[in-house]
Amino acid sequence: MKVLKKIVNVIIDIIVVLILLISATILTVTLTTNQDTGAPNVFGYTLNTIQSQSMEPVMHKGDLIIGKIVDETTPEFKVGDIVIYTTTKQLDDGTNQYVLVCHRIVKTKVEGETTYYLTKGDNNEVSDAETVGWLTSDKIVGVYENSEYKGTLLKGVGSIYDYLLDFWGFFFVIVLPMILFFIYELIRVIMNIVAYTKEKALVAASEAAQSAELTEAQKQKAIEEYLASQKANENPDKPDTNEKEE
């Protein structure tokens, strides 16, 4: 029973550590998300869930990709690079939401001092010219693949990632288990206190019983000593019957 209880406690501790790690990751992603682009920046890398089949067979819907954030060290974009750019979509309530898209650059053009990039999903029949148009470099927030870097693809993890970013997903996967763990720990503490109090009471009762027994023994000895002294007082001058008369 004690071994089973120990195993259960170890499993619960492992689950709690995993939940804390996931919570820290979600918190980091949330706090580091760029408000102007909607792209998280976790130590120079960005995370993005593939939302469609547009880049199959390279990546599939529900995959999570980890790309490199664009900075001053990023080489000039070229045809064939797979980049992550930001766009917006209108929600049902009329507000705009940032959307990160991962597509491949298929064309470039230069007008004056500005370079423009045209992207296309590998699985799409047409480019993004009609939907998002030609992109400038400030719209490209990350690189998944170029001549110097290739990002990481985690199959199917994107769906879980998006669920955890959702309010109810975060509640059911993170908040609720932590509440249950807190209740479990509280019950365990209370049970330990009760067990300690009970053990302490048993020890005190045992000591009291031993003390009571010792007191009775002392009483018995005192009685025997008293009776012996009384007997001696009753016959102070009685001669020894073993002595012979002269």
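Since the model is a prediction, treat every value here as computed from it, not as a measurement.

A. Just the overall build of the chain, in detail. A count of helices and strands for the chain gives three helices and seven strands. In sequence order, the chain lays out its α and β elements as α-β-β-β-β-β-β-β-α-α. For the chain, buried positions account for 23% of its 246 residues. Across the chain, every contact between residues at least 6 apart in sequence was considered, and the portion connecting residues at least 24 apart equals 54%.

B. Structural view of the pairing of strand S3 (residues 82-90). Inspection of the sheet shows S3 paired to strand S4 (residues 96-111) by nine bridges, in the antiparallel sense. What sits directly across from Ile84, in S4, is Cys102. The turn joining S3 and S4, which pair antiparallel and follow one another in sequence, is formed by five residues; a positive phi near 95° is taken by Gly94. Two strands pair when backbone bridges link them, and S3 and strand S6 (residues 140-145) are joined in this way by four bridges, in the antiparallel orientation. Along S6, the bridge assignment pairs Ile82 with Glu145.

C. Looking closely at the nonpolar core. If you look at the biggest cluster of nonpolar residues, it comprises eleven residues: Ala39, Ile50, Met55, Met59, Ile65, Ile82, Ile84, Leu100, Cys102, Val141 and Tyr144. Looking at this core, the elements that each hand over two or more residues are S3, S4 and S6. Residues within four places of Met59 in sequence aside, it is in contact with Ile50, Ile65, Cys102, Tyr144 and Leu153. Within the second largest apolar cluster, nine residues are counted, among which are Phe77, Val83, Val101 and Val143.

D. Expanded view of a nonpolar patch on the surface. The grouping of Ile179, Leu180, Phe182, Ile183, Leu186, Ile187, Ile190, Met191 and Val194 at the surface amounts to a nonpolar patch, some 860 Å² of accessible area in total. Of note, Ile183 is situated in helix H3 (residues 167-234). On the basis of relative accessibility, which here comes to 39%, the residue Ile183 falls in the partly exposed class.

E. Quick peek at the packing of helix H1 (residues 2-32) against helix H2 (residues 157-165). Remark: H1 packs on H2, axes separated minimally by 11 Å, with the N-to-C direction vectors making an angle of 75°. On the basis of their axis angle, the class for H1 and H2 is roughly perpendicular. On H2, the residues touching Ile22, Ile26 and Val29 of H1 are Tyr161, Leu164 and Leu165. By residue class, the composition of the contact of H1 with H2 is six nonpolar, no polar and no charged.

F. Expanded view of the pairing of S6. Across the six residues of S6, five count as buried, placing the element largely inside the fold. With two bridges connecting them, strand S2 (residues 64-69) and S6 associate as antiparallel partners. The partner of Lys68 across the bridge, within S6, is Val143.

Reading the values: the criteria
Residues numbered from 1 in each chain as written. Predicted model: local features only at pLDDT ≥ 70, side-chain atom pairs only at ≥ 80, totals over all residues. Heavy atoms only, no water. Helix = DSSP H or I, 4+ residues; strand = E, 2+ residues; numbered from the N terminus. Buried < 20%, exposed > 50% of the residue type's maximum accessible area, 1.4 Å probe, protein only. Contact = heavy atoms within 4.5 Å. Pairing = 2+ DSSP bridges. Core = buried A, V, L, I, M, F, W, Y, C linked by side-chain atoms within 4.5 Å. Patch = residues over 30% accessible without salt bridge, like charges linked within 9 Å, V, L, I, M, F, W, Y side chains within 5 Å. Areas by Shrake-Rupley, 256 points an atom, 1.4 Å probe, with all protein chains shown as cover. Salt bridge = Lys/Arg side-chain N within 4 Å of Asp/Glu carboxyl O. Axes fitted to C-alpha atoms, helices over the stretch in contact; angles between N-to-C directions. Parallel < 35°, antiparallel > 145°, perpendicular 65-115°, else oblique. Nonpolar A, V, L, I, M, F, W, Y, C, P; charged D, E, K, R; others polar.

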